[in-house]
There are 2 protein chains.
Amino acid sequence: MTIVQVELGPRSYPIFIGSGLLADRSMLASQIESRQIMIVSNTTVAPLYIGLVEEALEGRSVHSVILPDGEEFKTLESFEKIISALLEQHFDRSCTLLALGGGVIGDLAGYAAASYQRGVKFVQIPTTLLAQVDSSVGGKTAVNHPLGKNMIGSFHQPTCVIADLATLNTLPQRELRAGLAEIIKYGLIDDPEFFVWLEKHLEDLLLLDKDCLEHAIRQSCQNKANIVATDELESGIRALLNLGHTFGHGLENVLGYGRWLHGEAVACGMSMAADLSTRMGLMHEGDYARVVSLISRAGLPIAPPENVDPMSLENAMKIDKKNRGGRIRLVLLRSIGDAFLCDDYPTTDFRNVLRNSKGAVTN
Amino acid sequence: MTIVQVELGPRSYPIFIGSGLLADRSMLASQIESRQIMIVSNTTVAPLYIGLVEEALEGRSVHSVILPDGEEFKTLESFEKIISALLEQHFDRSCTLLALGGGVIGDLAGYAAASYQRGVKFVQIPTTLLAQVDSSVGGKTAVNHPLGKNMIGSFHQPTCVIADLATLNTLPQRELRAGLAEIIKYGLIDDPEFFVWLEKHLEDLLLLDKDCLEHAIRQSCQNKANIVATDELESGIRALLNLGHTFGHGLENVLGYGRWLHGEAVACGMSMAADLSTRMGLMHEGDYARVVSLISRAGLPIAPPENVDPMSLENAMKIDKKNRGGRIRLVLLRSIGDAFLCDDYPTTDFRNVLRNSKGAVTN
């Protein structure tokens with residue numbers, strides 16, 4: 001087992017990474033102090049793992065809210081369901097919410113924990129690769145609004161994160177690949193050595209090699225933890241973690257939530273950000289080719305579906321938390337491992353990327 | 001004009017107290033930096049004061065959400081309306097929400113500001129006495145849930161509070177009296193001299209004497225600011241500010257939100273807390289008589305309506321954020337100006353207070 005510590009002063013917390021952590025009953029029991037525990041999970045994950053969690057917490061007052069599976073349920077309505085369950089069970093302010101599932105469950109349960117009685121404790125058990133390397137680290141919680149993704153939420157740090165590699169054995173291949181998108185992202189932002197390591201080990205990760213998985217998850221969590229520790233509330237450098245996400249959120253919005261997985265949209269968004277960076281003469285063609293190649297090897301998209309209208313995509317991208325004064329802010333790349341925030345790019349290049357005129361070449 | 005500074009490190013902010021502050025256009029303009037400003041108000045207050053605010057902010061991108069007036073609209077649905085308005089107007093993270101109204105508007109707009117894009121700036125212009133002395137100070141935001149008051153919310157400090165005494169000229173007499181409940185509360189908690197001052201000046205306050213009002217509001221805000229500065233997130237001493245509120249929230253719940261004003265319920269709750277403290281031999285009969293007398297002089301209730309069922313009231317009080325392990329925690333009084341948190345009181349005394357067997361005597 002590896003422990004990555006997220007350093008945030010009084011809100012610091014550990015991320016436990018290892019195989020079989022849920023089956024180890026003492027682990028969970030020792031990490032949760034509360035008498036009242038509400039497990040938030042979904043119809044896919046609960047049948048697989050909720051039994052292990054309930055066994056580990058035997059003797060406490062444990063209840064659960066099981067939501068339907070999917071990004072389309074990351075709504076204020078699901079949030080209200082969790083709050084209602086807490087009130088119906090007379091949960092008090094000393095309770096703990098436990099998120100058992102992927103990013104959607106973590107974001108929803110986290111926002112409920114942030115808001116119930118103005119804030120209660122929160123533990124994350126991410127069961128997808130994407131949640132283990134990204135959404136469960138850093139305290140961002142949110143629900144979607146019909147007009148924009150993650151527009152309602154808060155910063156609320158968990159008391160700990162338990163990433164059990166064993167849960168990845170039941171993860172559909174498509175979701176595993178989606179998780180790789182966020183892992184690749186950390187290499188691109190500021191860790192060129194990790195990018196090289198990924199170029200060497202991508203197939204091992206797809207085959208669920210335990211040592212490689214543990215290394216990739218640890219490295220990703222450590223990279224994210226470093227950035228979050230510097231800028232908890234995203235007033236500066238943390239925005240770099242949104243590499244690929246402005247294009248990606250726009251794509252998810254235009255395609256309709258749930259058609260592409262978040263990681264797929266981010267992968268495509270990173271290709272588009274690399275494409276724009278290359279068109280602007282910032283990044284070498286060679287680096288661009290490496291980016292597109294690694295994303296393709298992971299089985300992830302590098303261009304939007306052909307039926308996506310560029311103007312609709314541009315409009316969808318205008319609703320983004322990084323934007324200021326109506327200008328779309330993007331994370332671009334000077335090279336692999338050197339990302340920066342930019343709102344000063346030529347509109348022509350930007351629109352050419354949206355029009356995907358290079359799509360035929362790189363696909 | 002008086003300024004009370006709330007000391008919360010990087011989240012410190014000023015409360016401006018004075019008459020005619022809204023009519024002074026430079027005041028508001030200098031306090032708000034944002035280009036995009038969303039005014040949240042209600043159908044009662046907006047016609048009276050929104051024009052002044054809009055004039056002061058001329059040249060900015062100012063929009064508004066006008067909600068129906070009343071506690072029954074302090075819901076997740078109203079919250080969602082504010083979020084939708086922000087998204088429809090493409091408001092970005094540098095915007096400011098401005099609450100123009102009483103406690104309901106402040107709590108709602110505050111929770112929307114805390115949650116929109118995970119947190120944006122927030123300015124309070126409280127237009128009721130109660131909001132000026134209580135709800136606009138300290139950063140508590142919330143909406144109600146059918147199963148409990150203020151159960152969904154967060155701590156989110158404003159960037160400033162502008163309390164214009166001139167707005168009290170249009171305040172209905174009943175709401176003015178409700179505001180006095182919270183003012184009396186500060187005397188009871190830890191300021192016996194202020195309680196004596198109130199005994200002398202209560203009628204001046206009811207007649208809207210400007211100097212007396214400014215003194216009472218300043219003293220109240222200063223008392224609350226001192227407590228909040230010591231315990232921003234209510235892990236200890238801040239709970240004392242809930243004197244009268246556990247009984248009061250229970251009453252509001254049992255009577256149905258909106259039948260009694262919040263201040264009326266708190267006034268009754270403070271009488272009941274004083275009653276219980278006296279029955280337990282903690283507080284002298286003489287002090288109890290002074291409490292009940294001052295509350296009565298303010299035209300506020302000192303006992304629940306006769307048709308309130310004691311068991312229903314007790315059950316409603318079980319849903320309270322201060323409670324731990326199923327026990328109702330109360331703020332009780334050793335004397336005027338000496339409140340403390342207590343969950344170790346005789347159930348018989350507690351139930352006698354709920355049964356209001358003293359009601360006939362003190363009424």
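Remember, it's a predicted structure, so these values are computed and weren't measured experimentally.

1. Re the overall build of chain A
The helix and strand inventory of chain A stands at 14 helices and 11 strands. Scaling as 2.2 N^0.38, a compact globule of 363 residues should have a C-alpha radius of gyration of about 21 Å, and chain A matches this with 20 Å. Each principal axis of the C-alpha distribution contributes one length, and for chain A these read about 60 × 40 × 35 Å. Within chain A, residue pairs in contact and separated by at least 24 positions form 74% of the contacts whose partners lie at least 6 positions apart.

2. A short note on helix 6 (residues 173-190) of chain A
Look at helix 6 of chain A: 27 Å from first C-alpha to last across 18 residues, which is about the 26 Å you get at 1.5 Å a residue. Summarising burial for helix 6 of chain A: 14 of the 18 residues are buried, a large majority.

3. What to know about the pairing of strand 9 (residues 160-164) of chain A
All names here are of chain A. Here strand 9 lies mainly inside the structure; five of its five residues are buried. Of the two faces of strand 9, the one lined by Cys-160, Ile-162 and Asp-164 and the one lined by Val-161 and Ala-163 are each fully buried. Judged from the two bridges that link them, strand 6 (residues 121-126) and strand 9 form a sheet pairing that is parallel. In the strand pairing of strand 9, Val-123 is matched with Cys-160.

4. Focus on the environment of Glu-203 of chain B
Residues and elements named next belong to chain B. As for its position among the elements, Glu-203 is in helix 7 (residues 192-206). The class for Glu-203 is exposed, based on 11 C-beta atoms found within 10 Å. Glu-203 sits 105 residues away from Leu-98 along the chain, and the two C-alpha atoms are 33 Å apart.

5. Quick notes on the relation of the copies chain A and chain B
For the pair chain A and chain B, the best superposition has an RMSD of 0.0 Å and corresponds to a rotation of 180° with a translation of 0.0 Å parallel to the axis. The superposition of one copy onto the other is thereby described by a two-fold rotation axis. Comparing contact sets, 100% of the residues at the interface of chain A also lie at the interface in chain B, consistent with an isologous, same-surface contact.

6. So, the nonpolar core
Here is a general trend for soluble globular proteins: nonpolar side chains tend to be buried in one another's company. With 238 residues, the main nonpolar core has Val-40, Leu-98 and Ala-273 of chain A together with Val-40, Leu-98 and Ala-273 of chain B as its most contacted residues. Among all residues touching Val-40 of chain A, those that are not within four sequence positions of it are Val-65, Ile-82, Leu-97, Leu-98, Ala-99, Leu-100, Ile-105, Leu-108 and Ala-109 of chain A.

7. Brief notes about the domain arrangement of chain A
Residue and element names in this part refer to chain A. On domain assignment, one finds that chain A holds domain 1 (2-170) and domain 2 (173-362). A C-alpha centroid distance of 26 Å is found between domain 1 and domain 2. Taken residue by residue, the interface counts 29 residues in domain 1 and 29 residues in domain 2. Counting only elements with at least two residues in the side of domain 1 that touches domain 2, the list comes to strand 1 (2-6), strand 2 (13-18), helix 5 (129-135) and strand 8 (148-155). In terms of residues, the side of domain 1 that touches domain 2 owes the most to one element, helix 5, which gives five residues. Here the side of domain 1 that touches domain 2 is composed, by residue class, of 14 nonpolar, 10 polar and five charged.

8. A look at the pairing of strand 2 (residues 13-18) of chain B
Residues and elements named next belong to chain B. Across the two faces of strand 2 the burial differs, with Tyr-13, Ile-15 and Ile-17 buried and Pro-14, Phe-16 and Gly-18 not buried at all. Count of turn residues in the strand 1 (residues 2-6)/strand 2 antiparallel hairpin: six residues, of which Gly-9 carries a positive phi of about 55°. Relative to strand 9 (residues 160-164), strand 2 is paired through four bridges, and the arrangement is parallel. Across the sheet, residue Ile-15 finds its bridge partner in strand 9, namely Val-161.

9. Concerning the interface of chain A and chain B
Counting from both sides, the interface comprises 31 residues of chain A and, opposite them, 31 residues of chain B. At the level of elements, helix 3 (76-88), helix 4 (103-115), strand 7 (140-145) and strand 8 of chain A are the ones that each hand at least two residues to the side of chain A that touches chain B. For the side of chain A that touches chain B, the class distribution of residues is 11 nonpolar, 11 polar and nine charged.

10. A short note on the sheet that holds strand 9 of chain A
Residue and element names in this part refer to chain A. The seven strands lie next to each other as 1-2-9-6-5-3-4, forming an open sheet whose pairing is mixed. Pairing within the sheet leaves two strands with one partner each, and these edge strands are strand 1 and strand 4 (61-67). Averaged over all pairs of adjacent strands, the angle between strand axes in this sheet comes to 15°, irrespective of strand direction. Docked against the sheet, helix 4 engages strand 3 (36-42), strand 5 (96-101) and strand 6, running at close to 170° with respect to strand 5. In this fold helix 8 (residues 210-230) packs onto strand 1, strand 2 and strand 9, with an angle of close to 10° to the strand it touches most, strand 1.

11. A closer look at the packing of helix 6 of chain A against helix 7 (residues 192-206) of chain A
All names here are of chain A. Across the interface, helix 6 lies against helix 7 with an axial gap of 8 Å and an inter-helix angle of 165°. Compared by their axis directions, helix 6 and helix 7 come out roughly antiparallel. With respect to the hand of their crossing, helix 6 and helix 7 are arranged in right-handed fashion. Residues Leu-176, Leu-180, Ile-183, Ile-184, Tyr-186, Gly-187 and Leu-188 of helix 6 form the contact with helix 7, whose participating residues are Pro-192, Phe-194, Phe-195, Leu-198, Leu-205 and Leu-206. Of the residues in the contact of helix 6 with helix 7, the class split is 12 nonpolar, one polar and no charged.

12. Overview of helix 10 (residues 262-279) of chain A
Residues and elements named next belong to chain A. Helix length check: helix 10 (18 residues) gives 25 Å between terminal C-alpha atoms against 26 Å at 1.5 Å per residue, within 8%. Here helix 10 lies mainly inside the structure; 17 of its 18 residues are buried. In the stretch just after helix 10, Gly-281 is the one whose phi turns positive, near 80°.

13. A word on the confidence of the model for chain A
Residue and element names in this part refer to chain A. This prediction gives chain A a mean pLDDT of 94; 98% of its residues lie at or above 70. Low pLDDT, under 50, characterises residues 358-363; the predicted model gives this stretch seven contacts beyond four residues in sequence or across chains. For this predicted complex, the interface confidence score (ipTM) comes to 0.90, while the overall pTM stands at 0.91.

14. Thoughts on the sheet that holds strand 2 of chain B
Residue and element names in this part refer to chain B. Reading across from one edge, 1-2-9-6-5-3-4 is the order of the seven strands in this open sheet, with mixed pairing throughout. Sheet topology places strand 1 and strand 4 (61-67) at the edges, where each strand pairs with a single neighbour. Averaged over all neighbouring strand pairs, the angle between strand axes comes to 15°, with direction disregarded. The sheet strands contacting helix 3 (residues 76-88) are strand 3 (36-42) and strand 4, and the helix crosses strand 4 at an angle near 160°.

15. Details of unusual backbone geometry
At His-90 of chain A, a position not held by glycine, the phi torsion is positive, near 55°. One can find His-90 of chain A in the loop between helix 3 and strand 5. The class of His-90 of chain A is partly exposed, set by 15 C-beta atoms lying within 10 Å. Positive phi outside glycine occurs at Glu-234 of chain B, with the angle close to 55°. Following the sequence through the fold, Glu-234 of chain B ends up in the loop between helix 8 (210-230) and helix 9 (245-255). Among the residues examined, Glu-234 of chain B registers 22 C-beta atoms within 10 Å and is labelled buried.

16. Some points on the environment of Asn-307 of chain A
Residues and elements named next belong to chain A. Along the chain, the position of Asn-307 falls in the loop between helix 11 (285-297) and helix 12 (310-317). Here Asn-307 falls in the exposed class, since 7 other C-beta atoms lie within 10 Å of it. Each C-alpha atom, one on Asn-307 and one on Leu-255, is 9.4 Å from the other, the two residues being 52 residues apart in sequence.

17. Focus: the environment of Gln-132 of chain B
Residue and element names in this part refer to chain B. Structurally, Gln-132 can be placed in helix 5 (residues 129-135). The spatial distance from the C-alpha of Gln-132 to the C-alpha of Gly-179 is 8.4 Å, given a sequence separation of 47 residues. Ignoring any residue separated from it by four or fewer positions in sequence, one finds Gln-132 in contact with Pro-126, Ala-163 and Ile-217.

Rules used throughout
Residues numbered from 1 in each chain as written. Chains lettered and ligands numbered in written order. Predicted model: local features only at pLDDT ≥ 70, side-chain atom pairs only at ≥ 80, totals over all residues. Helix = DSSP H or I, 4+ residues; strand = E, 2+ residues; numbered from the N terminus. Rg over C-alpha atoms; globule rule 2.2 N^0.38 Å. Contact = placed C-beta atoms within 7 Å. Expected span 1.5 Å × (residues − 1). Buried ≥ 20, exposed ≤ 12 C-beta atoms within 10 Å, placed from the backbone. Pairing = 2+ DSSP bridges. Least-squares fit on C-alpha atoms with pLDDT ≥ 70 in both. Core = buried A, V, L, I, M, F, W, Y, C linked by C-beta atoms within 7 Å. Domains from an automatic or database assignment. Nonpolar A, V, L, I, M, F, W, Y, C, P; charged D, E, K, R; others polar. Axes fitted to C-alpha atoms, helices over the stretch in contact; angles between N-to-C directions. Parallel < 35°, antiparallel > 145°, perpendicular 65-115°, else oblique. Left-handed = near helix turned anticlockwise from the far one by under 90°. pLDDT = per-residue confidence, 0-100.

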